[in-house]
Every structure is written in structure tokens, then in C-alpha cells.
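The lines below spell out each chain.
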Amino acid sequence: MIDDRTAPYAAFVLRAALGLMFIAHAFLKYSVFTLPGTAKFFESLGLPGPLAYLTFAAELVGGALILAGLGTRWVALALVPVLLGATWAHAGNGWLFTAPNGGWEYPAFLVIAAVTQALLGDGKFAISTLIPNRNIQGATA
């Protein structure tokens, strides 16, 4: 049984955590690893270096949109491939994220969190609730 009184708050808590996580990972790429360093890491995996810049932008912009509650369902789903890529990148390091170079457990969990957010919708305190004539089908307010 779903508790309609608390479910919108649960969706908000997940939305805030997921949005902040994406923003934090974008800033990690920018300030710690640097964008050129992240591009070199992507290349070491056999991926095109410019994909690192797109990943940074997707994490930063997508995280901000999720945090704000704008297009939450679609943005969360759009970021699933980024998380699947991170899961793939860390798959050879073992399961635990505390393994050298990080394992695949954390990004795999984030895939599930993003899909769950897409299923839940915006939740409480979303900017989308302030937009008149918005499509409210399936929105959790």
C-alpha cells in the first residue's frame, strides 16, 4: 500500500539526493580530475575523449534540473545511460566501490535510483508545480 501522504516527500528526498549527486560528480570531474584529465580517462577506456565533456554537461545540467524538479522523469531516464557507462567503466574493478579505482556497486545502485525517480516523478517542492497548464499526468505533487 502506498501512503499518499508521504510518497510525495519520499520522491522529493530522492530527487534532492540524486540531483546533488549528479552535480557533485560533475564538479569532481571539473575540479579534481579536470575536464582534460577526465577526457584522457575516457580515452584510456577506449571511449572518445569529447564524451567526457558531454558527460560533465549532462551531469551538471541534468543534476540541476532534477534538483529543481523540472522534467524529472525524462531527465532521470536520460541520465541512465551515463550511469550505465559508469557501471561499465568500473566493472573490472570488482563489486565494492571502495576497491582500487572504484567498483561497480555504487553506479549500479544509482541506475536503480534514477529509474525509481523516473517512476516516482517530481514529488513535493518541484518548480514544475509552479508552471501553469503543465501536463500533470503521473506527477506526484
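Criteria and cut-off values
- In this numbering scheme, every chain counts its residues from 1 along its sequence in written order.
- For this predicted model, a pLDDT threshold of at least 70 governs which residues receive local features, and a threshold of 80 or more governs which side-chain atom pairs are given and counted, while totals over whole chains, interfaces and linings are taken from all residues.
- The side-chain quantities take in all heavy atoms of the structure and omit both hydrogens and water.
- Where helices and strands are cited, they refer to DSSP runs of H or I of at least four residues and of E of at least two residues respectively, numbered from the N terminus.
- Exposed residues in this analysis have more than 50% of their type's maximum accessible area, buried residues have under 20%, and partly exposed residues fall in between, with area computed by a 1.4 Å probe over protein chains only.
- To measure how exposed things are, a 1.4 Å probe is used in the Shrake-Rupley method; for residues, cover is taken only from the protein chains shown.
- In this tally, Asp and Glu contribute negative charge and Lys and Arg positive charge; neither His nor the terminal groups of the chain are included.
- In plain terms, the charge of a residue is placed at NZ if it is Lys, CZ if Arg, CG if Asp and CD if Glu.
- Axis definition: a line fitted to C-alpha atoms, over the contacting stretch in the case of helices. Angles run 0 to 180 degrees between N-to-C directions.
- For classification, angles of less than 35 degrees are called roughly parallel, those exceeding 145 degrees roughly antiparallel, those between 65 and 115 degrees roughly perpendicular, and all remaining angles oblique.
- Two helices crossing with the near one rotated counterclockwise from the far one by less than a right angle form a left-handed crossing, whereas a clockwise rotation gives a right-handed crossing.
- Note on contacts: a residue pair is in contact if any heavy atoms of the two residues lie within 4.5 Å.
- Any Lys or Arg side-chain nitrogen found within 4 Å of a carboxyl oxygen on Asp or Glu counts as a salt bridge.
- Candidates for patches are residues over 30% relative accessible area with no salt bridge; among them, like charges are joined within 9 Å and nonpolar side chains (Val, Leu, Ile, Met, Phe, Trp, Tyr) within 5 Å.
- Polar contacts, as counted here, are pairs of nitrogen or oxygen atoms within 3.5 Å of one another; within protein the pair requires one atom able to donate a hydrogen and one able to accept it, and residues that are adjacent in sequence qualify only if both atoms are side-chain atoms.
- Grouping buried Ala, Val, Leu, Ile, Met, Phe, Trp, Tyr and Cys residues that are joined through side-chain atoms within 4.5 Å yields what is termed a nonpolar core.

**Concerning the overall build of the protein chain**
Stage number 1. Across its full length, the protein chain holds 5 helices and 0 strands.
Stage number 2. If you list the helices and strands of the protein chain from N to C, you get α-α-α-α-α.
Stage number 3. Overall size of the protein chain, expressed as C-alpha extent along the three principal axes, is 45 × 30 × 20 Å.
Stage number 4. Here the protein chain, with 141 residues, has 37% of them falling under the buried criterion.
Stage number 5. Approximately 8200 Å² of the protein chain is accessible, and the part contributed by carbon and sulfur atoms is 73%.
Stage number 6. When the 7 basic and 6 acidic side-chain charges of the protein chain are each reduced to a single mean position, those positions are 6 Å apart.

**Structural notes on the packing of helix H1 (residues 7-32) against helix H3 (residues 50-68)**
Stage number 1. One way to put it is that H1 packs onto H3 with a least axis distance of 7 Å and a crossing angle of 155 degrees. Judged by the inter-axis angle, H1 sits roughly antiparallel to H3. Crossing of H1 over H3 shows left-handed handedness. Only Thr55, Phe56, Glu59, Leu60, Gly63, Ala64, Ile66, Leu67 and Ala68 of H3 make contact with H1, whose side of the interface consists of Arg15, Ala16, Leu18, Gly19, Leu20, Phe22, Ile23, His25, Ala26, Phe27, Lys29 and Tyr30.

**Topic: the pattern of salt bridges**
When their charged atoms lie close together, side chains carrying opposite charge are able to pair.
Stage number 1. All told, the structure shown has 2 salt bridges when counted by the stated rule.
Stage number 2. Of the charged contacts in the structure, one is a salt bridge between arginine 5 and aspartate 3, with a shortest N-O distance of 3.1 Å.
Stage number 3. Using a relative accessible area of 65% as the deciding quantity, one classes arginine 5 as exposed.
Stage number 4. By relative accessible area, which is 30% here, aspartate 3 ends up partly exposed.
Stage number 5. Two residues, lysine 29 and glutamate 59, come together in a salt bridge whose shortest N-O distance is 3.1 Å. One end of the pair, lysine 29, is in helix H1; the other, glutamate 59, is in helix H3, and 30 residues separate them in sequence. An identical accessibility class is assigned to lysine 29 and glutamate 59; each is buried.

**Examining a nonpolar patch on the surface**
Stage number 1. Taken together, the side chains of Trp74, Leu77, Val115 and Leu119 present a nonpolar region at the surface, about 460 Å² in accessible area.
Stage number 2. When residues of the nonpolar patch are traced back to their parent elements, those giving at least two are helix H4 (72-90) and helix H5 (105-120).
Stage number 3. Note on placement: leucine 77 falls in helix H4.

**Overview of the side chain of glutamine 117**
Stage number 1. Within the secondary structure layout, glutamine 117 lies in helix H5.
Stage number 2. Engagement of the side chain of glutamine 117 in a polar contact is seen with the backbone nitrogen of arginine 15, the distance being 2.7 Å.
Stage number 3. If we ignore the near neighbours within four places in the chain, the residues touching glutamine 117 are Ala11, Leu14, Arg15, Leu18, Thr72 and Ala76.

**Quick word on the nonpolar core**
Stage number 1. Core analysis: the biggest nonpolar cluster contains 15 residues, and Leu18, Phe22, Ile66, Leu79 and Leu83 have the highest contact counts within it.
Stage number 2. Looking at this core, the elements that each hand over two or more residues are H1, H4 and H5.
Stage number 3. For this core, the leading source of residues is H4, giving 6 residues.

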